[in-house]
Amino acid sequence: DEEEEAAAREPRLRDTPEDIVLEAAANAIALHPARALLAAGDVDGDVYLFSYSCVEGHTRELWSSGHHLKSCRDVAFSLDGHKLFTVSKDKSIHVLMVEEGRLETRFSKAHSAALNCVLPITDHVFATGDEGGALKVWDLRKGAAVLEAREHEEYISAMAVDANGKLLLTASGDGTLGVFNIKRRRFELLSEPQNGDLTSVVLLKRGKKVACGSSEGTIYLFNWDGFGATSDRFALRAESIDCMVPITENIVCTGSLDGVIRAVNVLPNRVLGCVGQHTGEPIEQLAVAPGGRLLASCAHDQKVKFWDISALAAIVVDDYRKKKKKGGPLRALSSKAAGSGEDFFADLRDEPEEAPGDGDGDSDDTD
């Protein structure tokens, strides 16, 4: 009996941290680069910092900040993890100290339009994109923007930067990928417009490939040296790709309007299966924890959920396309992912639709 009582007192270890339930829907989440910390920004303009743990009952809120007057659209930790950048529909940028949540720097009228996204580039330099298609690159040491450009005709949805911090890539609602040279502080080029809004941009294949998600449910691929036109495209059986994060050099996770988080291998192009879901609730953002074992997601259900993605790194996809029975459910890739037999997933296919004239990618791309 004593042993049973002791076991009952022992905190239960879980595969993933418990769901975090928020007072309002989160637009954005970010995971700390080194510690088990999660930041969330919600539609009311509030920003929260949580510590998360796989020990039951140990996930807790550390602080909250209500400095934004309108919806908080994006949050991002600085590279060293000491600061948290937040941007809002109220056109302001806030820089908060992670340890105590203190507001360190505020740019109140940072853009002339509502802000959509923020991306730290170095410890002092970061970029912001707004609803009107304007990009600004800021230097905290100068307290001002060092590059301003308005090359896109529609909102900037997401940004990415290469490992050297030289080229900044912007995905836009006008269907184009923008390329900006941060070192030389100038605009380089826009890609040809694609079908639908570009919603996300990530680097893969050790920086040799760029993948963009779109509102049409297609992943567009660009070669690093060829941003003008796509090298390949891959249509998922998803209503949309609203957000996308790289998991390995070949695998991304995508979030969609249908609430499903899909794992996708790029070149060769395959939908690997379902990592998790916010049933019927559009997914706003995904974030990967340091070490790559956990994925966090937020959706319109006011929850932040965690998924065990440790199995993804071991999946090897060869070029041989096995004959699949059409109409099968998505393969469940984590213990919490809905598997076969779930009615909601009965019509989800793992058989991708190839765009006309597009194969599985460049035959010479083997890395």
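Residues numbered from 1 in each chain as written. Predicted model: local features only at pLDDT ≥ 70, side-chain atom pairs only at ≥ 80, totals over all residues. Heavy atoms only, no water.

The name recorded for the protein in an unreviewed UniProt entry is WD repeat-containing protein 55, from Nothocercus julius. Recorded in UniProt for the protein, the comment headed Subcellular location (unreviewed entry) runs: "Nucleus". Entered under Sequence similarities (unreviewed entry) in the UniProt record, the comment concerning the protein runs "Belongs to the WD repeat WDR55 family." (UniProt positions renumbered as here; feature names shortened; annotations may be inferred.)

Caption draft 1: Expanded view of the overall build of the protein. Of regular secondary structure, the protein possesses one helix and 28 strands. Each of the 367 residues in the protein was classed as buried or not, and the buried ones make up 53%. Surface accessibility of the protein: about 16,100 Å² in total, with carbon and sulfur atoms responsible for 45%. (Helix = DSSP H or I, 4+ residues; strand = E, 2+ residues; numbered from the N terminus. Buried < 20%, exposed > 50% of the residue type's maximum accessible area, 1.4 Å probe, protein only. Areas by Shrake-Rupley, 256 points an atom, 1.4 Å probe, with all protein chains shown as cover.)

Caption draft 2: Structural view of the UniProt feature "repeat: WD" (unreviewed entry) in the protein. Look at the UniProt record and you will see "repeat: WD" (unreviewed entry) annotated at residues 149-183 and 283-317. Taken end to end, residues 149-183 has its terminal C-alpha atoms 14 Å apart, with 0% of it in helix and 54% in strand. Between the first and last C-alpha atoms of residues 283-317 the distance is 26 Å; the span itself is 0% helix and 51% strand.

Caption draft 3: How the structure looks around the side chain of His278. Relative to the assigned elements, His278 resides in the loop between β25 (270-277) and β26 (283-288). Among all residues touching His278, those that are not within four sequence positions of it are Asp258, Gly259, Ile283, Ser297, Cys298, Ala299, Asp301, Lys303 and Lys305. (Contact = heavy atoms within 4.5 Å.)

Caption draft 4: Fine view of the side chain of Thr254. Along the chain, the position of Thr254 falls in strand β23 (residues 251-255). Residue Thr254 is classed as buried on the basis of its relative accessible area, which comes to 0%. If near-sequence neighbours (up to four positions away) are discounted, Thr254 is found in contact with Ile219, Leu236, Ile241, Cys243, Met244, Val260, Ile261, Arg262, Val264 and Leu286.

Caption draft 5: Molecular detail of the pattern of salt bridges. Scanning all chains against the criterion turns up 10 salt bridges. For Arg14, the salt bridge identified is with Glu56, shortest N-O distance 3.6 Å. One end of the pair, Arg14, is in the loop between α1 (2-9) and β1 (20-21); the other, Glu56, is in the loop between β4 (47-51) and β5 (60-65), with 42 residues separating them in the sequence. A salt bridge links Asp308 to Arg293; the nearest nitrogen and oxygen atoms lie 3.5 Å apart. Here Arg293 lies in the loop between β26 and β27 (294-299) and Asp308 lies in strand β28 (residues 303-308), a separation of 15 residues in the sequence. The exposure class assigned to Arg293 is partly exposed, which follows from its relative accessible area of 34%. Sharing partners across several salt bridges, the network here consists of Arg12, Arg14 and Glu56. (Salt bridge = Lys/Arg side-chain N within 4 Å of Asp/Glu carboxyl O.)

Caption draft 6: Main features of the nonpolar core. Within the largest apolar cluster, 19 residues are counted, with the highest numbers of intra-cluster contacts made by Ala211, Ile219, Leu236, Met244 and Val252. Not counting residues within four places of it along the chain, the set of residues in contact with Leu236 comprises Gly217, Ile219, Ile241, Thr254, Arg262, Val264 and Val271. (Core = buried A, V, L, I, M, F, W, Y, C linked by side-chain atoms within 4.5 Å.)

Caption draft 7: Looking closely at the state of the cysteines. Across all of its chains, the model carries zero disulfides by this definition. With no disulfide of its own, Cys243 has Cys298 as its nearest cysteine by sulfur position, at a separation of 7.6 Å. Under the relative-accessibility criterion, Cys243 is labelled buried at 6%. (Disulfide = S-S within 2.5 Å.)

Caption draft 8: A look at the sheet that holds β4. Sheet architecture is open: four strands sit in the order β2-β3-β4-β5, paired in antiparallel fashion. At either end of the open sheet lies a strand with only one pairing partner, and these are β2 (26-31) and β5. With strand direction ignored, the average angle separating the axes of adjacent strands in the sheet is 20°. Two elements, strand β3 (residues 37-42) and β4, share five bridges in a ladder whose sense is antiparallel. (Pairing = 2+ DSSP bridges. Axes fitted to C-alpha atoms, helices over the stretch in contact; angles between N-to-C directions.)

Caption draft 9: Region of the structure containing the pairing of strand β8 (residues 93-97). The buried fraction of β8 is high, at five of five residues. Going residue by residue along β8, you find Ile93, Val95 and Met97 tucked away on one face and His94 and Leu96 tucked away on the opposite face as well. Here five bridges tie strand β7 (residues 83-88) to β8, and the two strands are oriented antiparallel to one another. Residue pairing across strands places Thr86 opposite His94, the latter belonging to β8. The turn joining β7 and β8, which pair antiparallel and follow one another in sequence, is formed by four residues; a positive phi near 75° is taken by Lys91. Of the pairings in the sheet, the one linking β8 to strand β9 (residues 103-107) comprises four bridges and is antiparallel in character. If you follow His94 over to β9, its bridge partner there is Arg106. Taken together, β8 and the strand that follows it, β9, pair antiparallel across an intervening segment of five residues, in which Gly101 is found at a positive phi of about 75°.

Caption draft 10: Examining the packing of aromatic side chains more closely. Counted according to the given criterion, the structure contains eight aromatic pairs. Taking the centre distance of 5.0 Å and the plane angle of 80° together, the rings of Trp224 and Phe227 count as edge-to-face. The buried category is assigned to Phe227, whose relative accessible area is 7%. Grouped by ring-pair contacts, the aromatic residues Phe85, Phe107, Phe126 and Trp138 constitute a single cluster. Of note, Lys336 hangs over the ring of Trp307, and the distance from its end group to the ring centre comes to 4.9 Å. (Phe/Tyr/Trp six-rings, centres within 6.5 Å; stacked < 30°, edge-to-face > 60°. Lys NZ or Arg CZ within 6 Å of the ring centre and 35° of its normal.)

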